[in-house]
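Residue-level structure breakdown
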Amino acid sequence: MSDLIKLTPIFHEKIWGGRQLETVFGYDIPEGPIGECWAISAHPNGDCQIAEGPYAGHTLSWLWAEHRELFGNCEGKEFPLLIKILDAKDDLSIQIHPNDEYAAKHENGSLGKTECWYVLDCEPGTEIVIGHNAKDKAEVEKMIRNHEWSDFIRKVPVHKGDFFQINPGCVHAIKGGTLILETQQSSDITYRVYDYDRLQNGKPRQLHVEQSIDVIEAPFKPADIDTFTEEIPGAVHTHFVTCKFYSVDKYDIDGVFTLDAKKYYTNVSVIAGEGTVNGIPVKKGTHFIIPANFNGCRFEGKLSVICSNPEA
Ligand code: ZN
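What comes next concerns the included structure. (Residues numbered from 1 in each chain as written. Predicted model: local features only at pLDDT ≥ 70, side-chain atom pairs only at ≥ 80, totals over all residues. Heavy atoms only, no water.)

1. Examining the overall build of the protein chain
- Helix and strand counts for the protein chain stand at 6 helices and 22 strands.
- For 312 residues, the compact-globule formula gives about 20 Å, and the C-alpha radius of gyration of the protein chain, at 19 Å, lands near that figure.
- Counting only C-alpha atoms and orienting by the principal axes, one finds that the protein chain spans roughly 60 × 40 × 40 Å.
- Separation between the mean location of the 30 positive side-chain charges and that of the 46 negative ones in the protein chain comes to 3 Å. (Helix = DSSP H or I, 4+ residues; strand = E, 2+ residues; numbered from the N terminus. Rg over C-alpha atoms; globule rule 2.2 N^0.38 Å. Lys, Arg positive; Asp, Glu negative; His and termini not counted. Charge placed at Lys NZ, Arg CZ, Asp CG, Glu CD.)

2. Description of the coordination of the zinc ion
- Bound to the zinc ion on the protein side are H97 (NE2), E115 (OE), E115 (OE) and H172 (NE2), at distances that span 2.1 to 2.5 Å.
- Viewed at the metal, the 4 donor atoms of the zinc ion are separated by angles of 52 to 125°, and the geometry they form is irregular.
- If you list the donors of the zinc ion from N- to C-terminus, the spacing comes out as H-x17-E-x56-H. Of this pair, E115 sits in strand β9 (residues 115-122) while H172 sits in strand β13 (residues 172-173); the two residues are 57 residues apart in sequence, bridging distant segments of the chain. For the pair formed by E115 and H172, the shared burial category is buried. (Donors = N, O, S within 2.8 Å, 3.2 Å for Na, K, Ca; no water. Tetrahedral: all angles 85-135°; square planar, octahedral: opposite > 155°, others 65-115°. Buried < 20%, exposed > 50% of the residue type's maximum accessible area, 1.4 Å probe, protein only.)

3. A short note on helix α4 (residues 137-145)
- Among the residues of α4, those classed as buried are V140, M143 and I144. Buried positions in α4, seen along its axis, are confined to an arc of 100° and lie on one side of it.
- The inward-facing, buried residues of α4 contact β10 (127-132), α5 (149-152), β15 (191-194) and α6 (209-215).
- Near the N-terminus of α4, the side chain that reaches the backbone nitrogen of A138, with its oxygen 3.3 Å away, is that of D136.
- Following α4 by one or two positions, H147 has its phi on the positive side, about 55°. (Arc of directions from axis to C-beta. Contact = heavy atoms within 4.5 Å. Polar contact = N/O pair within 3.5 Å; in protein donor to acceptor, adjacent residues only side chain to side chain.)

4. A look at the packing of aromatic side chains
- Going through the model one piece at a time under the given rule, you end up with 19 aromatic pairs.
- Taken together, a centroid distance of 5.5 Å and an interplanar angle of 85° make the contact between W64 and F79 edge-to-face. You can see W64 sitting in helix α2 (residues 60-66) and its partner F79 sitting in the loop between α2 and β7 (81-88), a full 15 residues away along the chain.
- With relative accessibility at 2%, the residue W64 sits in the buried group.
- One aromatic cluster is present, formed by W64, F71, F79 and Y265 through successive ring pairs. (Phe/Tyr/Trp six-rings, centres within 6.5 Å; stacked < 30°, edge-to-face > 60°.)

5. Overview of the nonpolar core
- One finds F71, F79, I85, Y265 and I289 to be the most contacted residues of the largest nonpolar core, which totals 39 residues.
- Elements that contribute at least two residues to this core include exactly β1 (5-8), β3 (34-40), α2, β7, β9, β14 (178-185), β17 (235-242) and β18 (246-259).
- When neighbours within four sequence positions are excluded, F79 is seen to be in contact with I40, A42, L60, W64, F71, S186, Y265, N267 and I289. (Core = buried A, V, L, I, M, F, W, Y, C linked by side-chain atoms within 4.5 Å.)

6. Structural notes on the environment of V24
- With respect to the helices, strands and loops of the structure, V24 is situated in the loop between α1 (20-23) and β3.
- A C-alpha to C-alpha distance of 31 Å links V24 and F71, two positions 47 residues apart in sequence.

7. Comments concerning the environment of I232
- Within the element layout of this structure, I232 appears in strand β16 (residues 228-232).
- Judged by relative accessible area, I232 falls into the partly exposed class, the value being 23%.
- Separated by 19 residues in sequence, I232 and Y251 place their C-alpha atoms 9.4 Å apart.
- With sequence-adjacent residues up to four places away left out, I232 is seen in contact with H237, Y251 and F257.

8. Description of the pairing of β18
- Across 7 bridges, β17 lies against β18 in antiparallel orientation. Looking across to β18, one finds that V236 is bridged to D252.
- In this structure, β18 lies alongside strand β22 (residues 297-310), joined through 14 bridges in antiparallel fashion. Along β22, the bridge assignment pairs L259 with C297. (Pairing = 2+ DSSP bridges.)

9. Side note on the environment of H97
- In this fold, H97 is placed in the loop between β8 (94-96) and α3 (100-106).
- Residues in contact with H97, not counting those within four places in the same chain, are K113, E115, P168, G169, H172, I189, T190 and V215.
- Looking at H97, its side chain comes within polar contact range of the side chain of E115, at 3.0 Å.
- In this structure the side chain of H97 is engaged in a polar contact, spanning 3.4 Å, whose partner is the side chain of T190.

As structure tokens, then:
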């Protein structure tokens, strides 16, 4: 039987980042504002190393290329998903992602980006940006070119435990005071339409106004999601979403819980508590992959995990 594939996170400094990856998750992070933990990633901008076991020291992209059987012979040139924890001390830029078709054509064959957020924690009164108030594409363009930001962006209140699906073409921004677990396609393509006129090293960050106008969907429609919660032996299971690229579930485990074998593989992030998985200790901040057809992954303890599977 294959081992669980435990990964070492990679940290990225961001102008909007904070220190909660250290204070809340206990990671040993570099100095400065650290905004992102790439927890399960084979993307060239942050390719996680395998922490333990027979493949220790190799990267996830290497494992994907050399041992596709561990992933159920799932097809694709690249490992398709990326799991991040975001610590937004300040507001992220107002942004949009392209779909696969647009990214393939305009971004050197990159994947597009569909993403979703699970709110791990947030300060009282925090909002996020999802969608816009323009009635059609012409009004999107007018409002952007005239910098009518307060009329354009649609803000919603956010609470711990909320879940949001962000499809390509959806205007969005995480605002300061939010800690989020993000499951996304493995892509780093972001079109920034407005950055609050902030400076980084004395200069504004690059904007992508034309691409943003190209890809924004109008009028805004919230994503369709199929969320439900059920009690199962040893856990409360919340299914958040199944889309073309992934399905995402949360298990709040109390006692012993066994996750069934899956045809492909399962990304697992421990977001609270501690326990063991097949006897191996895990705690808040541990991330691993359960290989394909892994029989009986047995969790024990009091812990919450977010799992994702590629939808193929
Ligand atoms: Zn995004």
